[in-house]
Structures are given as C-alpha cells and as structure tokens.
Amino acid sequence: MLALLRRHVTDERVIEAMAAVPRERFVLPEWHDRAYDDSALPIGGGQTISQPLIVALMLDAARITPTDRVLEVGTGSGYQAAVLSVLAREVVTVERIATLRARAEVVLRELGYTNVIVMQASDVLGWPEAAPYDVIIVAAGAPHIPRPLLDQLAPGGRLVVPVGDRRGQELMRATRTAHGIEIARLGACAFVPLIGKEAWETEAPP
Ligand code: SAH
C-alpha cells in the first residue's frame, strides 16, 4: 500500500501518517486480510472505508500543516480521522449514521487519538459550531460544492470534496483566497453519496 502511495503523493507527512495508522483496526473482522489492499471495503450501513490511494490524494491536496484545525464530513470507520489526527492539531469529524459514529469513537479512543472529536451530524452540513476550519475534507460525493461548507472555511482554508453524480465524481479543491474561491480539479473518484439539504436528499435515487 505504501509503495503505491509513494508513486502518487508528494507530501511525505501524508505517507508517514498513513504508515502509522493501523487500517486493520478500522475494517470489519471479515475483511482483516484485505486491510492493506488499495480498495474501499464495506463497514456496515451500506457505507465503505475509502480506498487508501484516494484518502492519500485528498490529504495531499489539502496541504495540511501541524497547526491546522480540520473538519471531516463522513467519519465512517474513523480511519481517515485517525490519519488526520496525526497530521493536524485538532480534528472534528461528523457522521450521520449513529452506529458508525459510536464504533469510530471507540476505536479512535482505544488507539489513543485524543485530538479527534466525533460528532453526530445534524441537518446542517459540517459542524458550524466549531468553525472556521483551515481544512475541510468531505468523504462522500456531493452534487455540487456545498455552500454551507465554504462558509465554514477560514481565510486561506482548503475544502476537498468529490463533486459529480451518484455513481462517479471528480475530486475538487476549493481554496478561500483574498480574491474569492479558487477551484482546482484533481481527477476522478467514486464515493458514497453525501446526504443532506445542500447535497443528495436521499441515499438511493428516488
Ligand atoms: N472517511 C471514512 C469513509 C466514509 S464513507 C473512513 O475513513 O472510513 C462516507 C460517510 O459519510 C458514510 O459513513 C456516510 O454515512 C457519511 N455521510 C453521508 N452524508 C453525511 C453528512 N451529511 N454528514 C455526515 N456524514 C455523512
């Protein structure tokens, strides 16, 4: 897994952080032997732990520094939150499925990632109470760049989000600059849908 990441990722801190986090602790027991394959795996509730290469590309694109405060939307297994906890000062992660939120919280606590707070998602995308954030990473696909998340971005902040339809998206980075929002397109990806008022209204197409 690390050899693959090294071919695509420029930020050495991302590689080191992913080398330090035991991914097998975040996958279901039946998938243990595939924990370091470069693939998304089911984690229950119809959701998946993201593919490692895509996690690495998102974190690379976000240019995270050790003093950054980070918001992750879509805790899922908690794996990416653990990697973020190594890279940043503080991580707030939100999840809408209560059973996933609870399990991620236990694993993160057992592994000693103390600078991560796991919150239950509300009707509002993200977690405005603790905004603004230097980095926002969205681990689910949105139909467009969600306005409420741009509003939670600090000056100079980076929002990394998959944007597209339900089956496939393009990874995008929106940076809040002195002149407005700057968009970079980072390539194709496929995520489970981001659910909410400013995203997809339902999990499956109506
Ligand atoms: N980062 C995760 C992968 C998450 S999969 C990991 O490392 O394992 C995407 C997750 O986003 C799913 O668990 C899904 O329930 C959650 N999700 C979807 N819409 C959401 C929303 N509006 N707020 C919070 N979580 C959301």
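It should be noted that the structure appears before, not after, this text.
What counts, and at which threshold
Residues numbered from 1 in each chain as written. Predicted model: local features only at pLDDT ≥ 70, side-chain atom pairs only at ≥ 80, totals over all residues. Heavy atoms only, no water. Pairing = 2+ DSSP bridges. Helix = DSSP H or I, 4+ residues; strand = E, 2+ residues; numbered from the N terminus. Axes fitted to C-alpha atoms, helices over the stretch in contact; angles between N-to-C directions. 1 Å grid on protein atoms, 1.4 Å probe; cavity = no way out; pocket = protein on both sides within 12 Å on 5 of 7 lines; lining within 4 Å. Points joined across faces, edges and corners; volume = space filled by probe spheres on them. Buried < 20%, exposed > 50% of the residue type's maximum accessible area, 1.4 Å probe, protein only. Arc of directions from axis to C-beta. Polar contact = N/O pair within 3.5 Å; in protein donor to acceptor, adjacent residues only side chain to side chain. Contact = heavy atoms within 4.5 Å.

A. Looking closely at the sheet that holds strand S6 (residues 133–138). Here we have seven strands laid out as an open sheet, ordered S5-S4-S3-S6-S7-S8-S9, and mixed in their pairing. In the strand order of this sheet, the two ends are held by strand S5 (116–120) and strand S9 (180–189), each with one partner. Between one strand axis and the next, the sheet turns through 15° on average, direction left out of account. Across seven bridges, the pairing between strand S7 (residues 153–164) and strand S8 (residues 169–177) is antiparallel. Bridging across to S8, Arg158 finds its partner in Thr175.

B. Quick peek at the layout of surface pockets. Volume-wise, the largest pocket comes out at about 680 Å³. Along its surface, the largest pocket is lined by 40 residues, and Gly74, Glu95, Ala140, Pro193 and Leu194 are the ones closest to its centre. Looking at the lining of the largest pocket, the elements with two or more residues in it are strand S2 (47–49), helix H3 (52–62), strand S3 (69–73), helix H4 (79–87) and strand S4 (90–95).

C. Quick peek at helix H2 (residues 12–20). Three or more residues of H2 are buried, namely Val14, Ile15, Ala17 and Met18. Here the buried residues of H2 occupy an arc of 165° about the axis, which is enough to place them on one side. For H2, the N-terminal cap is Asp11; the gap from its side-chain oxygen to the backbone nitrogen of Arg13 is 3.0 Å.

D. Focus on the side chain of Ser39. Within the secondary structure layout, Ser39 lies in the loop between H2 and strand S1 (41–44). Here Arg34 takes part through its side chain, which lies 3.4 Å from a polar atom of the side chain of Ser39. Setting aside anything within four residues of it in sequence, one finds Ser39 in contact with Arg23, Arg34, Ser50, Gln51 and Pro52.

E. Layout of H4. Here H4 lies mainly inside the structure; eight of its nine residues are buried. Of all the residues in H4, the buried ones are Tyr79, Gln80, Ala81, Ala82, Val83, Leu84, Ser85 and Leu87.

Structural measurements only, silent on function.
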